[in-house]
Amino acid sequence: MTGFDDRPLWQPSAERIAGANVTAFRLAAEQRWGVSLPDYDALYAWSVAQPEQFWVSVWEDGDVIGERGEAVLVDGERMPGAKWFPQARLNFAQNLLRARDDHDALVFWGEDKVQNRMSHGELYRAVAHLAAALREQGVVAGDRVAAYMPNMPETLVAMLAAASIGAIFTSASPDFGVQGVLDRFGQTEPKVLIACDGYYYGGKAIDCLEKLGEIVRALPSLKRVVVVRYVHAEHDLSGIPHARMYEDFVQPFHFESEIEFAQLPFDHPLYIMYSSGTTGVPKCIVHCAGGALLQHLKEHRLHGDVKPGDRVFYFTTCGWMMWNWLVSGLAAGATLLLYDGSPFAGDNRILFDYADAERMTHFGTSAKFLDAAAKFGLKPRETHRLDSVRAMFSTGSPLVAEGFDYVYRDIKADLQLSSISGGTDIISCFVLGSPVLPVWRGEIQCRGLGMAVDVWDDEGRPLRGEKGELVCAKPFPVMPLGFWNDVDGSKYHAAYFERFPNVWCHGDFCEITAHGGLVIYGR
């Protein structure tokens, strides 16, 4: 690797390192397991060499609600085929709905048109009402509940209500066309669809009801369509079979004050995610509740240093896995800052306005947004306080070296800039940031704890300082359960395990640098 400065762009202070969640985790692991873990490199090496000890520590550090059981990993040499926490019972939604107080659980901005917020108590009650309505509708564990929704509070309520029952949640963004939605939901056959009446983009209200009617008429599996009021005052649902307004659907259940959380196996299906569909009909990737919970707790708490009371934002739609990643922040005690619409509303400044107005601590976005902001000549360092922002996340495509320069020059100098990468395939990251490591220009900070990530040549030999294939050589809890309707698992095996037997080959072309960081060049 050449052409990169020998000085880091950012170095965490001694005080920040001492106060980081991952430092407390490292010291607790030393005491718990009787090992010596003097620094991050030692912690990473132990997490990969002793996966059972590491993931038990993640469970304990995250105060997971549920019964863990004695067994941690069965068939741990098989990939796919390894089983994590086979005796465990838990509920994903219960772990995100820990609090019931009056502090903010969610804040929502729909461009500059709509602003509202929900406390933890209000969120819990809203989930209780919708969960009861879904049960009355006949939704049971394993059924699919779909959302054709913006990134707004009702979407999260729908996911939590479905997960509380053990139904499988799947989502698409309302900017998807009719065929794009049918290519996805037509395969997974939802029983209930939660949909919006429209959305805002670039200051305009965009109607969804006509598209929704076409979608519903082509999905015979649907028993109920629930329409959320967002951009219209009046609604004509006559052209949409099985449709009711959201408030009418849940109103009979407003007396419900407690949620009946189904206690389910660790590998019970939670989400169905979709590949991009650029080479055919999208693959339907099934993710399990326990794996998503542990992996996201690890990434939020240990890599993002998310603490109770932090206010976490990611610019995402419900058609991107970063929505699923963002909402797990509730399990770490964070307030979620939700946004829907154009990231350049309000004279291009709205996301930075949001950061100041809501005391954002973690600002998540895409490399594409940062590149556009630089081209627009935005200099938030001069126009906004941003004093609460401690970390900035970037993903969606590789963040080039000039993007790092822009962040530290024109946004904020004292900031953990975490370029992160993984994907829909694992609903999380293989490589990401750390609050206790320096940031080097153009480099992702580190490999994810517990993820045996390497870069191999065509013969399966590890490479350092050279470009090769990103692989993960050992099982990890958030591996997909498989693809929907792939009964014999052949499509799943072909997607990830054909090139290197018993090893996950991700398809990214990348390099491990002299600093132990990574540079991803593309797919």
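Further up the page is the structure itself.
What comes next is a walk through the structure.

### What about the sheet that holds strand β18 (residues 335–340)?
Then comes step 1: Across the sheet, seven strands lie side by side as β6-β5-β18-β17-β19-β20-β21; this open sheet has mixed pairing. Each end of this open sheet is capped by a strand with a single partner; those strands are β6 (114–119) and β21 (416–419). Between one strand and the next, the sheet's axes are offset by a mean angle of 15°, whatever the strand orientation.
Then comes step 2: Note: strand β5 (residues 104–110) against β18, five bridges, orientation parallel. Bridging across to β18, V107 finds its partner in L337.
Then comes step 3: With respect to the sheet, helix α6 (residues 120–136) is in contact with β5 and β6, its orientation differing from that of β6 by roughly 90°.
Then comes step 4: Contacts from helix α16 (residues 401–411) reach β20 (391–395) and β21, with the element oriented near 155° to β21.

### Describing the environment of R447
Then comes step 1: On the secondary structure map, R447 appears in strand β24 (residues 446–447).
Then comes step 2: With 71 residues separating them in the primary sequence, R447 and L518 have C-alpha atoms 7.8 Å apart.
Then comes step 3: Those residues in contact with R447, other than ones at most four positions away along the chain, are Y40, Y44, H303, F430, V431, L432, V453, R464, I512 and L518.
Then comes step 4: A polar side-chain atom of R447 sits 2.8 Å from the main-chain carbonyl oxygen of V453.

### Observations concerning the layout of surface pockets
Then comes step 1: Estimates place the volume of the largest pocket at around 1100 Å³.
Then comes step 2: In terms of lining, the largest pocket is formed by 50 residues, of which the most central are G396, S397, G422, G423 and R523.
Then comes step 3: No other element matches the five residues that strand β29 (residues 518–522) contributes to the lining of the largest pocket.
Then comes step 4: The class makeup of the residues in the lining of the largest pocket is 26 nonpolar, 18 polar and six charged.

Parameters and conventions
Residues numbered from 1 in each chain as written. Predicted model: local features only at pLDDT ≥ 70, side-chain atom pairs only at ≥ 80, totals over all residues. Heavy atoms only, no water. Pairing = 2+ DSSP bridges. Helix = DSSP H or I, 4+ residues; strand = E, 2+ residues; numbered from the N terminus. Axes fitted to C-alpha atoms, helices over the stretch in contact; angles between N-to-C directions. Contact = heavy atoms within 4.5 Å. Polar contact = N/O pair within 3.5 Å; in protein donor to acceptor, adjacent residues only side chain to side chain. 1 Å grid on protein atoms, 1.4 Å probe; cavity = no way out; pocket = protein on both sides within 12 Å on 5 of 7 lines; lining within 4 Å. Points joined across faces, edges and corners; volume = space filled by probe spheres on them. Nonpolar A, V, L, I, M, F, W, Y, C, P; charged D, E, K, R; others polar.

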